[in-house]
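Listed below, chain by chain, are the residues.
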Amino acid sequence: MRPVDEMELSKFLRLRDGPVHVLGGGTRRLGVVDGDAVDSSAMAGVRIYEPGALTLVAGAGTPLDDVVAVLAAERQRLAFEVPDMRGLLGRNGASTMGGVVASGAAGPRRVQVGSCRDHVLGLRYVSGAGVVVKTGGRVMKNVTGLDLAKLMVGSHGALGVITEVAFRVQAVPEAEVTLVGTRGLAEGLAALRRALGSPFDVTGAAYEGGAALIRVEGMAGSVAYRAAALRARLGGDWELIDGAASAARWVRVRDVAAFAGRDGAVWRVSIRPTDAEAVVEGLDAEAVFDWGGGLIWLLAAADLPVRERLAGRGHATLVRSAAGMAGVPVFQPEAPGVAALARGIKAKFDPKGILGPGVLG
Amino acid sequence: MDMPKPDAKVMAARDSIVAKLRATVPDGVIDDKAETRAYECDALTAYRCSPLAVVLPSTTGEVSAVLALCHAMGVAVVPRGSGTSLAGGALPTEDCVVLGISRMNGVLETDHENRFIRVQAGRTNLSVTGAIEADGFFYAPDPSSQLACAIGGNIAMNSGGAHCLKYGVTTNNLLGVTLVQMDGTVVEIGGPWLDPAGMDLLGVICGSEGQLGVVTEATLRILPKPEGARPVLIAYNSNEVAGACVADIIKAGLLPVAIEFMDRPCIEATEAFAHAGYPDCESLLIVEVEGSPAEIDEQLARIKEIAFRHDPVDYRESGSEEESRRIWLGRKSAFGAMGNIADYMCLDGAIPVSELPFVLRRIGEMSAEVGLAVANVFHAGDGNLHPLILYDANKPGDLELCETLGADILRLCVEVGGCLTGEHGVGVEKRDLMKVQFTDEDLEAQLKVKDVFDPNWLLNPAKVFPLAVTASRRMG
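Owing to the predicted nature of the structure, the values given are computational and were not obtained by experimental measurement.

Reading the values: the criteria
For every chain, the first residue of its written sequence is number 1, and the numbers climb from 1 along that sequence. Labels are handed out in written order, letters beginning with A for the chains and numbers beginning with 1 for the ligands. Only residues with pLDDT of at least 70 are given local features in this predicted model, and only at 80 or more are side-chain atom pairs given and counted; all residues enter the totals for whole chains, interfaces and linings. Helical segments are the DSSP runs of H or I of at least four residues, strand segments are the runs of E of at least two, and each set is numbered from the N terminus. The globule rule used for comparison is 2.2 Å times the number of residues to the exponent 0.38, while the radius of gyration itself is calculated over C-alpha atoms. By the convention adopted here, residues make contact when the C-beta atoms placed from their backbones lie within 7 Å. Labels follow a simple rule on C-beta atoms placed from the backbone: if 20 or more others lie within 10 Å of a residue's own, it is buried; if 12 or fewer, it is exposed; otherwise it is partly exposed. To estimate the expected span of a helix, subtract one from its residue number and multiply by 1.5 Å. Here the arc refers to the directions that run from the helix axis out to each C-beta atom. A pair of strands is labelled paired if DSSP reports no fewer than 2 bridges between them. Note on definitions: angles span 0 to 180 degrees between N-to-C directions of axes, and those axes are lines fitted to C-alpha atoms, for helices only across the stretch in contact. By definition, a nonpolar core groups buried Ala, Val, Leu, Ile, Met, Phe, Trp, Tyr and Cys residues that connect through C-beta atoms lying within 7 Å of each other. As a per-residue measure, pLDDT reflects the predictor's confidence and takes values from 0 up to 100. Here the angle decides the label: under 35 degrees means roughly parallel, over 145 means roughly antiparallel, 65 to 115 means roughly perpendicular, and every other value means oblique. Each helix crossing is assigned a hand: it is left-handed if the near helix lies turned anticlockwise from the far helix by less than a right angle, otherwise right-handed if that turn is clockwise. Each residue is assigned to one of three groups, with Ala, Val, Leu, Ile, Met, Phe, Trp, Tyr, Cys and Pro labelled nonpolar, Asp, Glu, Lys and Arg labelled charged, and all others, Gly among them, labelled polar.

A.B. asks: Mind showing me how you'd approach the overall build of chain B here?
C.D. replies: Counting its regular elements, chain B contains 17 helices and 18 strands. The globule rule puts the C-alpha radius of gyration for 476 residues at 23 Å, and the 23 Å found for chain B is close to it. Dimensions of chain B, computed from C-alpha atoms along their principal axes, come out at roughly 70 × 55 × 40 Å. The long-range fraction of contacts in chain B, counting pairs at least 24 apart against all pairs at least 6 apart in sequence, stands at 73%.

Structure representation (structure tokens):
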């Protein structure tokens, strides 16, 4: 099934009574898929792009690379730094904007600019019942009615098929510098937290491969000033890398390149930054830390009880399963009250329960 | 303003409802008619209605007990923060209980290292920053009512402010809430981490205008205070040119914390009122940037270069605290100044920034056709307009004329790709315009979310959605 527009998709979903799954580029889907694919690739194209208003509207099937190229021509970008999950998940194909939004993808810059959800101004979708719905708009500020776009971002195709999305975009800053400091884990994580608590507008704070990484971006003079100020405030040795070298370092963090092509389960853990060290201490797993320690990527054996280890200090998503983990849910089960609300919403958006059954809600 | 007919059964059971509320919150029930009058409206004072009773709980447990009680008795509840809504978001109905959260104003936890603060939802916006500023932090959303407005109200309306161009609005700065549902169920949504475990329920709760539950506690993201800030004032002789300058600043990748816009009617009124010494011009921009002194100089140099490409009639960079204060003085007194010369209605539509010149010209034409003056003062960087329509409340027909013009201007905002409300909310004020922006299917999808949280449709009745659209649900 490859609908050319919302009408065709709506007709299909109205009549459909068996499971389907939404397919963008297939590069970042989590868990096991069920049923036939609804391929969004024909609903593609950049429909509105206003660089002066920092907005871009694209069909869900538009390849991410196309959007990146269109934006780059005006020296703009998607601020939330979309990860490329192909290496980590062992996938091929071309990521689509619908997939980016349905997975709520966001990279290192999340600590400063927010996530995908914070850059989606509005979207259109066809619900599991085949109803065409628009929510939000294409303006920067909009509090008109319930913000259903927030439900759709990160819904992993369980509530509806996203058909079009309006994004807020960002100008590419003229400079970036990364402070690289070889540190032990505790010292490195503490440096990240101190950097994020400083007034120097840090746009990346990660710990990977034995080094703390702290990024600043902006106008050249300002970047030089803030890098120097951070170095002085944090103390100790910091190497400064800039331009392409800095960018490449953050692509590694963003895509969790350290775990690509390696055996084991991959978990994505969301916690308070100050809990990061305790969570991994003595744990038989490899870890990459982003968001100042608030995000931990873990590479671990199938039987490592990551959620038990967290003991309520946050939550863990099973991004990549390993043999013997068939019964482990992708998303961490929520408290009964919250789970009941999610189930209720799922039942309203997808009353026949045909969209990615068992994914969310 | 049409409001649903009071529920006769509820009105008849008034005494028993009040008695039960009193048993639940012994020192926090107001039912004396003279005293409930203080709750008969919010900042949209054109509409007033005294509630059945007001209850002021002190804990999440009390909120839960009150809601469970009202749920069991079929009594509607209007949640209220500080009552500063400009959209009538907290307007009572005759048969409702107003649930005020003002007693719940404590700070529960501050955590600088993890950059969050957890507060009770009745705490005022400004006092959140007050609790952390000595340590170099602040809470970013800054609605102009920030001295009085409650965090719970900010969450309900997804409030913005002058500085949201850089820092985002409430939804971008909210990490978690304790939500009490209409049946009394208490749920914890989100927490002091950045991502939800599953569905982003927090995202739909924020901005839901009290339709989904009562927020009693909130975990908010806090930010380190910038080293400094400095405004610049740029004057032009045409709205089009000022609008083009705004677009160029944004496109250049500069990220000022604020770009404010005032047009001639507004400039003249504020000059007469506040004597800020603004230049004689058609339109005026206030652009504020942040950082260290050197960073501010670097940004302002670039802004100056862009501003002069458009041939300004005046350009004033602040050189001191006093000059900064004077630059902001007129802008901050704008609403007071307008109130001084006339009654006014404040609109809140948002448009794509690129449509600014066209929309301002059209508003001028529409204003002339109707014969009511419109002054514009707004957040230009994000296209959030605040046209102020001036009218005379004592002149028969003037308010109706003003409301018609207001609705026409909001329709214009939607036509050019914008929306009815950028930061004030729908409330009762824009309820009946929702179909201008949304199809029946769009609205139905929103109603279905409300069905999940509040299946009996008892929370904050007659707001957000047109009455005709919700009738079958409200009748049960």
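A.B. asks: How should I be thinking about the overall build of chain A in this particular structure?
C.D. replies: Counting its regular elements, chain A contains 12 helices and 17 strands. In terms of C-alpha radius of gyration, chain A reaches 21 Å, essentially the compact-globule figure of 21 Å for 361 residues. Seen through its C-alpha atoms, chain A measures out along the principal axes to roughly 65 × 50 × 35 Å. Out of the 361 residues in chain A, the part that is buried amounts to 56%.

A.B. asks: Just checking my understanding: could you explain helix 9 (residues 243-254) of chain A for this structure?
C.D. replies: Residues three or four positions apart in an α-helix share a direction because the helix packs 3.6 residues into each turn. Residue and element names in this part refer to chain A. End to end, helix 9 covers 16 Å across 12 residues, agreeing with the expected 16 Å (1.5 Å per residue, within 8%). Turning to helix 9, its buried residues number three or more, namely Ser246, Arg249, Trp250, Val253 and Arg254. For helix 9, the angular spread of the buried residues around the axis is 140°, confining them to a single face. More than 90 degrees from the buried face of helix 9, the exposed residues found are Ala244 and Ala248. Packing partners of the buried residues in helix 9 comprise strand 10 (175-182), strand 11 (202-208), strand 12 (211-218), strand 13 (239-242) and strand 15 (285-290). Just beyond helix 9, the residue with positive phi is Val256, at close to 50°.

A.B. asks: Looking at this structure, how should I read the sheet that holds strand 13 (residues 258-263) of chain B?
C.D. replies: Backbone hydrogen bonds hold the strands of a sheet together, and the pairing may be parallel or antiparallel. Residues and elements named next belong to chain B. The sheet built from seven strands is open, its strands ordered 15-12-14-13-17-18-16 with antiparallel pairing. What marks the edges here is a single partner per strand, and that holds for strand 15 (314-317) and strand 16 (343-346). The sheet shows a mean angle of 15° between the axes of neighbouring strands, taken without regard to direction. Two elements, strand 16 and strand 18 (residues 387-391), share four bridges in a ladder whose sense is antiparallel. Paired with Tyr344 across the bridge in strand 18 is Leu390. Relative to the sheet, helix 13 (residues 356-370) contacts strand 13, strand 17 (374-379) and strand 18, its axis offset from that of strand 17 by approximately 155°.

A.B. asks: Can you walk me through the sheet that holds strand 9 (residues 186-190) of chain B in this structure?
C.D. replies: Residues and elements named next belong to chain B. Taking strand neighbours across the sheet as the criterion, the five strands line up as 5-6-10-8-9 in an open arrangement whose pairing is antiparallel. Where the open sheet ends on each side, the last strands, each with one partner, are strand 5 (107-111) and strand 9. On average, adjacent strands in this sheet sit at an angle of 10° to one another, irrespective of strand direction. Two strands pair when backbone bridges link them, and strand 8 (residues 174-180) and strand 10 (residues 214-221) are joined in this way by six bridges, in the antiparallel orientation. Each residue of the ladder has a partner; that of Gly176, found in strand 10, is Thr219.

A.B. asks: Honestly, the environment of Phe378(B) in this entry has me stumped. Any pointers?
C.D. replies: Residue and element names in this part refer to chain B. When you line up the elements, Phe378 lands in strand 17. Using a count of 27 C-beta atoms within 10 Å as the deciding quantity, one classes Phe378 as buried. In the structure, Phe378 is positioned 117 residues away from Phe261 in sequence and 5.3 Å away in space, judged by C-alpha atoms.

A.B. asks: Looking at this structure, I do not really get the interface of chain B and chain A. What am I missing?
C.D. replies: Reports often express the size of an interface as the amount of accessible area lost when the parts come together. At the interface, 72 residues of chain B touch 68 residues of chain A. Secondary-structure elements contributing two or more residues to the side of chain B that touches chain A are strand 9, helix 8 (201-205), helix 9 (239-251), helix 11 (293-309), helix 15 (434-437) and helix 16 (440-453) of chain B. Broken down by element, the residue count for the side of chain B that touches chain A peaks at nine residues, all from helix 16 of chain B.

A.B. asks: Would you take a moment to explain the nonpolar core for this structure?
C.D. replies: Grouped together as the largest cluster of nonpolar side chains are 212 residues, with contacts concentrated most on Val77(B), Val97(B), Val246(B) and Leu285(B). Core analysis: the second largest hydrophobic core is formed by 51 residues, Val216(A), Ile296(A), Ala316(A) and Val319(A) among them.

A.B. asks: Please clarify how the environment of Val251(A) should be interpreted in this entry.
C.D. replies: Residues and elements named next belong to chain A. Following the sequence through the fold, Val251 ends up in helix 9. What makes Val251 partly exposed here is the crowd of 14 C-beta atoms within 10 Å. Between the C-alpha atom of Val251 and that of Asp84, which follows or precedes it by 167 residues, the distance is 8.6 Å.

A.B. asks: What am I meant to see in the confidence of the model for chain B here?
C.D. replies: Caution is warranted with low-pLDDT regions, since their predicted coordinates should not be read in detail. Across chain B, the average pLDDT comes to 95, with 100% of residues at or above 70. Among the prediction metrics, the complex's ipTM stands at 0.97, with pTM recorded as 0.97.

A.B. asks: What exactly am I supposed to notice about the packing of helix 2 (residues 14-24) of chain B against helix 4 (residues 60-73) of chain B here?
C.D. replies: All names here are of chain B. Closest axis-to-axis distance for the helix 2/helix 4 pair is 10 Å, and the angle between their directions is 160°. Compared by their axis directions, helix 2 and helix 4 come out roughly antiparallel. Seen from above, helix 2 lies across helix 4 with right-handed handedness. Residues Ile17, Lys20, Leu21 and Thr24 of helix 2 touch helix 4, and the partners they reach there are Glu62, Ala65, Val66, Leu69 and Met73. A class-by-class count of the residues in the contact of helix 2 with helix 4 yields six nonpolar, one polar and two charged.

A.B. asks: How do you make sense of helix 1 (residues 6-15) of chain A when you look at a structure like this?
C.D. replies: Residue and element names in this part refer to chain A. Along helix 1, the positions that sit buried rather than exposed are Leu9, Ser10 and Leu13. What you see down the axis of helix 1 is that its buried residues fit within an arc of 100°, all on one side. Pointing more than 90 degrees away from the buried face of helix 1 are the exposed residues Met7 and Leu15. Those residues of helix 1 that are buried lie in contact with strand 6 (120-127), strand 7 (132-136) and strand 8 (160-168).

A.B. asks: Looking at this structure, how should I read unusual backbone geometry?
C.D. replies: Excluding glycine, most residues fall at negative phi; most peptide bonds, likewise, are trans. Of note in the backbone geometry, His156(A) takes a positive phi value of approximately 50° without being a glycine. Relative to the helices and strands, His156(A) resides in the loop between helix 6 (148-152) and strand 8. With phi around 70°, Val464(B) is a residue other than glycine that occupies positive phi space. Judged by local crowding, Val464(B) falls into the buried class, with 27 C-beta atoms found within 10 Å.

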